[in-house]
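# Residue-level structure breakdown
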Amino acid sequence: MAKKLPKGIRKSKSGGYEARAMVKGKRIYIYSRDLDSLVVDFEKAKEEAANEVEYLKRNLTLDNWFHEWFENVKCHKVKETSRPTMRNGYKRTFGFYMGRMKITDIRPIDIQNTINAMEKAGASHSAMRDNLGRIRECLEFAVANQFIPANPCIQIEVPWSFRRPKEEVALSQEEQNEFLSAMEDNWYRELAYFMCLTGVRVGELGGVKWKDIDVKNKTIRIERALSCNYVDGVKRQALTTPKTVNSIRTIPFIGEMEEILLSQKQKQSVLKKELGKRWRGKGEFEDLVFTTGMGSPCSRYIVDKEIKKA
């Protein structure tokens, strides 16, 4: 009768023995022709792996853990264009104040002190709120992986809970008319009318293409948005999906929409012909309805500047 092999060890096709195990996420594989020496080496390797994992757990910093969590968990759930913003947001907030702390040492008072320090430094409540939510999610995953016993972000007093949210005020019809009157001789006149007639987000406005305009059925399809971010000081623009799934929608023409779009098409065609090779609307940015006077996409920075001028 063949001798029963220890758990995790089996006979190899090559004639020797192989041992396999997974110790707290670390994979172990050993091969030997001598079973007795393999058993000894296998037990030693499992013990070393367990000690190594415990050491890493005890010395894991918030910076280390946030990077691992973000790359392996969060990254796959957010749009590519949002990732640099989230990474930079962490670096400027919790990464700056407590990134070198070991996660096993972080207590609610450390999170509270960081919130207080950011408040004193004049950080916006929206940035603080967004990044606290991200850190809470990050450390909750550390709890799930048994790196820490509890999430230190739970019992925190936040400054924005004591402040009444700023009331959003829509422009009255009179104010809209005044605004459009101020835009009458502006290159972005049609863009301003389009915004007032549709209520689309600025990013969605920058992503509308002529193929999205259905003149026959008098509708506009919103299915992409223009993203504009600065990564390491370099401007990056891209067409992405809208903010949420429900943002993909079809808007009917209202008011003088058809006249506005016809005016924009004619004006853009004339300018495109005049500029020739200098026209910048190329590649994925070709066929955009609203562009700058050189054919570049209309980012939120450009639109905001023109609105403030008006």
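Preceding block: the structure.
Criteria and thresholds
- Residues numbered from 1 in each chain as written.
- Predicted model: local features only at pLDDT ≥ 70, side-chain atom pairs only at ≥ 80, totals over all residues.
- Heavy atoms only, no water.
- Helix = DSSP H or I, 4+ residues; strand = E, 2+ residues; numbered from the N terminus.
- Rg over C-alpha atoms; globule rule 2.2 N^0.38 Å.
- Contact = heavy atoms within 4.5 Å.
- Areas by Shrake-Rupley, 256 points an atom, 1.4 Å probe, with all protein chains shown as cover.
- Lys, Arg positive; Asp, Glu negative; His and termini not counted.
- Charge placed at Lys NZ, Arg CZ, Asp CG, Glu CD.
- Phe/Tyr/Trp six-rings, centres within 6.5 Å; stacked < 30°, edge-to-face > 60°.
- Buried < 20%, exposed > 50% of the residue type's maximum accessible area, 1.4 Å probe, protein only.
- Pairing = 2+ DSSP bridges.
- Salt bridge = Lys/Arg side-chain N within 4 Å of Asp/Glu carboxyl O.
- 1 Å grid on protein atoms, 1.4 Å probe; cavity = no way out; pocket = protein on both sides within 12 Å on 5 of 7 lines; lining within 4 Å.
- Points joined across faces, edges and corners; volume = space filled by probe spheres on them.
- Nonpolar A, V, L, I, M, F, W, Y, C, P; charged D, E, K, R; others polar.
- Expected span 1.5 Å × (residues − 1).
- Arc of directions from axis to C-beta.
- Core = buried A, V, L, I, M, F, W, Y, C linked by side-chain atoms within 4.5 Å.

## Digging into the overall build of the chain
- When helices and strands are tallied, the chain shows 11 helices and 8 strands.
- For 310 residues, the compact-globule estimate of 2.2 N^0.38 gives 19 Å, and the chain exceeds it by more than 25% at 29 Å.
- Considering only C-alpha atoms, the chain reaches an extent of 90 × 55 × 35 Å along its principal axes.
- Contacts spanning at least 24 positions in sequence make up 57% of the contacts within the chain whose residues lie at least 6 apart.
- Carbon and sulfur atoms form 51% of the exposed surface of the chain, whose accessible area is close to 19,600 Å².
- In the chain, 56 side chains carry a positive charge and 42 a negative one; their mean positions are 5 Å apart.

## Overview of the packing of aromatic side chains
- Enumeration according to the criterion identifies 8 aromatic pairs in this entry.
- With a centroid separation of 5.1 Å and 70° between ring planes, the pair formed by tryptophan 65 and phenylalanine 147 is classed as edge-to-face. Here the residue tryptophan 65 occupies a position in helix α2 (residues 62-74), and phenylalanine 147 occupies one in the loop between α6 (125-144) and α7 (173-182), the gap between them amounting to 82 residues.
- Of the residues examined, tryptophan 65 reaches a relative accessible area of 3% and is grouped as buried.

## Thoughts on the sheet that holds strand β8 (residues 249-252)
- Sheet architecture is open: 3 strands sit in the order β4-β5-β8, paired in antiparallel fashion. Of all the strands in the sheet, just β4 (213-214) and β8 have a single pairing partner and so form its edges.
- In terms of strand pairing, β4 meets strand β5 (residues 219-222) through 2 bridges, oriented antiparallel. In the strand pairing of β5, isoleucine 213 is matched with isoleucine 220.

## Some words on the pattern of salt bridges
- Overall, the coordinates contain 16 salt bridges when judged by the stated rule.
- Of the charged contacts, one joins arginine 224 and aspartate 212 as a salt bridge, the two residues approaching to 2.5 Å between their closest N and O atoms. Of this pair, arginine 224 sits in the loop between β5 and β6 (225-231) while aspartate 212 sits in the loop between α9 (202-207) and β4, placing them 12 residues apart in sequence. Across the pair, exposure class does not vary: arginine 224 and aspartate 212 are buried alike.
- Salt bridges sharing partners connect three or more residues here, namely Glu184, Arg189, Glu190 and Lys267.

## Some details on the layout of surface pockets
- In this structure, the largest pocket spans a volume of roughly 600 Å³.
- For the lining of the largest pocket, the element with the most residues is β6, which contributes 5 residues.
- Partitioned by chemical class, the residues of the lining of the largest pocket number 5 nonpolar, 9 polar and 5 charged.
- Looking at the second largest pocket, the residues that line it are Val169, Ala170, Leu171, Gln176, Phe179, Met195, Cys196, Asp304 and Ile307.
- Mapped by element, the contributors of at least two residues to the lining of the second largest pocket are α7, α8 (189-198) and α11 (300-309).
- Tallied by class, residues from the lining of the second largest pocket come to 7 nonpolar, 1 polar and 1 charged.

## Digging into helix α5 (residues 108-120)
- In this model, α5 (13 residues) spans 18 Å end to end at C-alpha, consistent with the 18 Å of a helix rising 1.5 Å per residue.
- Looking at α5, one finds that the buried residues are Ile111, Gln112, Thr114, Ile115 and Met118. Axial view of α5: buried residues confined to an arc of 160°, hence all on one face.
- For α5, the secondary structure elements touched by its buried residues are α4 (94-98) and α6.
- Backbone geometry just downstream of α5 places glycine 122 in the positive-phi region, at approximately 90°.

## Here's the deal with the nonpolar core
- Counting 28 residues, the largest nonpolar core has Phe94 and Ile103 as its most contacted members.
- Tallying contributions element by element places α6 first for this core, with 6 residues.
- For phenylalanine 94, the residues in contact, after removing those within four places along its chain, are Leu62, Gly99, Ile111, Thr114, Ile115, Met118, Asn131, Leu132 and Ile135.
- By size, the runner-up hydrophobic cluster in this structure holds 26 residues, among which are Tyr193, Met195, Ile222 and Phe290.

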